[in-house]
Structure formats: C-alpha cells, structure tokens
Amino acid sequence: MAKTSPKNQPPQRVRIIAGLWRGRYLQVPSVPSVRPTPARVRETVFNWLAGNVENAECVDLYAGSGALGFEAASRGARRVTLVDRNRTVVQCLRQETQKFSATQIEVIHARALAYIDCLREPLDILFIDPPFALGTELLEKTCAHLAASRALKESSLVYVESPADWAVRIPSRWTSLKSKQAGQVGYHLFAARPYVPSDPTTPSS
C-alpha cells in the first residue's frame, strides 16, 4: 500500500489486474493515509513473482487497501493473511473478503511486529509496506524483526515498498533481486534467507 497526502486523496476502489478476480474492483478503506499500490507497480511486482505465487503462503504485514494480498490470492496463492492495526482498515478488508467469497484470505487486526512474533511456520512471500509518514526506521525494524523470526525459509521472498530515497538497508542474509522506482516510491524484491545463530541479524547497507 502506497501512501498519500490530503492533496492527493486515495481512490475509492482499485481494479484487480489478473487471475480469478481479474477486472473486479476492491473497495479502498476510507483512511487518509492509505492508497493502493499503483496498478503499474503491482503489475511489475507480480511479473517479478511469476512462478512463485501459485500455491504460496503469503502475508501482507501492512495491508492497507489489501491490493497486494487480493492480487496474490487472485493469482492462485493458497493462503493470504492481511495484517493491519487500523480498525477501519480491518473492517473494510473483512467486508471485501466476504464480498469476494475469498476463503483463502484471512484478515488479522494486529501490529505487524507482534504478528511476526506469533509466526511458527515459514512463509513463501511477504509484503512489507509500512506508512511512509513513519519514516524508514519502522521499515528497517520490520525487516530486522522478520529476519530473526521463524517466518523465513531458504526460498522466502520479501517485497518491500519504500520512499524512493531509502538507502536500502536490509539484513545481512537477504539478497536484492529486483529494484525499481516510480515517482516518489521505491519498490524492491529480496530473497530472504532465514537467520542462523552464527550470522548477524542487524541491518547492513
């Protein structure tokens, strides 16, 4: 989920690009800080993820509009979990899940870091896009927290959306696969290998 300012209000709905729900519209929560990741960015991201989404276990840690998670489910992800701390966002996401009869999507009302602590099984794909207004500190903290958790395996992929000027600080065992910029937004795909006790987990440039 990308972010917006009062002068650039979020759209009321967003179209799913491909898959089971291709062409259907997703309602966007009426929260000023939430705007869906633009369609051209989503299309690029899912081109990057081609071959990895079908039957995947996915989590969107800062779900917002849910555009990334619903797109993943539409393209065949086995299970998608949408996590957000905002009650209005969570309510809207649950309504959309019911509207789409999306039994493969679960919506969780929680803080992202607390949810990571609860994970006991590794995931295939994780989406990380915290509010830009909170700066990149939360983004890097989330990556470091994830790197030290049980959520990763050798084949895990992590998508990160950030301010375009982010210095791309990631945990030492993560590898950059793809990176692009669209306006003021940077978007990145990483191969995120799990933590092992002999390796550091602090972010490195």
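In what follows, the accompanying structure is described.

What counts and what doesn't
Along each chain, numbering runs from 1 in the same order as the chain's sequence is written. The predicted nature of this model means local features are confined to residues of pLDDT at least 70 and side-chain atom pairs, given and counted, to a pLDDT of 80 or more, with totals for whole chains, interfaces and linings taken over all residues. With hydrogens and water excluded, all non-hydrogen atoms of the structure serve as input to the side-chain values. The numbering of helices and of strands both runs from the N terminus, where a helix is a DSSP run of H or I of at least 4 residues and a strand a run of E of at least 2. A simple rule labels every residue: compare its accessible area, found with a 1.4 Å probe on the protein chains alone, to the largest value its type can have, and call it buried under 20%, exposed over 50%, or partly exposed in between. The contact rule is simple, with two residues in contact once any of their heavy atoms fall within 4.5 Å. Each accessible area is a Shrake-Rupley estimate made with a 1.4 Å probe; only the visible protein chains count as cover when residues are assessed. Pairs of strands are assigned from DSSP output, requiring at least two bridges between the strands. The way it works is a 1 Å grid over only the protein atoms, where trapped points that fit a 1.4 Å probe form a cavity and open points with protein on both sides within 12 Å along at least five of seven lines form a pocket, and then any residue with an atom within 4 Å of a point lines it. Grid points are joined across faces, edges and corners, and a volume is the space filled by probe spheres set on the points. Residue classes follow a fixed rule: Ala, Val, Leu, Ile, Met, Phe, Trp, Tyr, Cys and Pro count as nonpolar, while Asp, Glu, Lys and Arg count as charged, and any other residue, Gly among them, counts as polar.

### Comments concerning the overall build of the chain
Thought 1: Across its full length, the chain carries 5 helices and 11 strands.
Thought 2: Taken across its 205 residues, the chain has 52% of its residues classed as buried.
Thought 3: Taking all contacts inside the chain whose residues are at least 6 apart in sequence as the whole, residues at least 24 apart take part in 67%.
Thought 4: Entry remark: accessible area of the chain is about 9800 Å², with carbon and sulfur atoms responsible for 47%.

### Topic: helix 1 (residues 39-48)
Thought 1: Of the residues making up helix 1, those classed as buried are V41, R42, T44, V45, F46 and W48.
Thought 2: Elements in contact with the buried residues of helix 1: strand 1 (13-15), helix 2 (67-74), strand 6 (125-128), strand 7 (157-163), strand 9 (174-182) and strand 10 (185-192).

### Details of unusual backbone geometry
Thought 1: One non-glycine residue, N55, lies in the positive phi region at around 70 degrees.
Thought 2: When you line up the elements, N55 lands in the loop between helix 1 and strand 3 (57-60).
Thought 3: Taking the relative accessible area as the measure of exposure, N55 reaches 48% and is therefore partly exposed.
Thought 4: The backbone of S101 shows a phi angle near 50 degrees, a positive value even though the residue is not glycine.
Thought 5: Looking at the secondary structure, you find S101 in the loop between helix 3 (87-99) and strand 5 (105-109).

### Details of the pairing of strand 3
Thought 1: Of the strand pairs in this sheet, strand 3 and strand 4 (residues 79-84) are connected by 4 bridges, and their pairing is parallel. The residue of strand 4 that forms the bridge with D60 is L82.
Thought 2: As judged from the 3 bridges shared by strand 3 and strand 6, these two strands associate in the parallel manner. Bridge pairing in strand 6 links D60 to F127.

### Examining the environment of G69
Thought 1: The residue G69 is located in helix 2 in this model.
Thought 2: Of the residues examined, G69 reaches a relative accessible area of 0% and is grouped as buried.
Thought 3: Filtering out sequence-adjacent residues up to four positions away, G69 remains in contact with D60, V80 and L82.

### Remarks on empty space enclosed by the protein
Thought 1: Tallied over the full model, the rule gives 2 cavities of 30 Å³ or more.
Thought 2: What the second largest cavity holds in volume is close to 40 Å³.
Thought 3: What lines the second largest cavity is P130, P131, F132, G135, T136, L139, E161, S162 and P163.
Thought 4: Of all the secondary structure elements, the ones that give two or more residues to the lining of the second largest cavity are helix 5 (136-147) and strand 7.
Thought 5: Top element by residues in the lining of the second largest cavity is strand 7. It accounts for 3 residues.
Thought 6: Partitioning the lining of the second largest cavity into residue classes produces 5 nonpolar, 3 polar and 1 charged.

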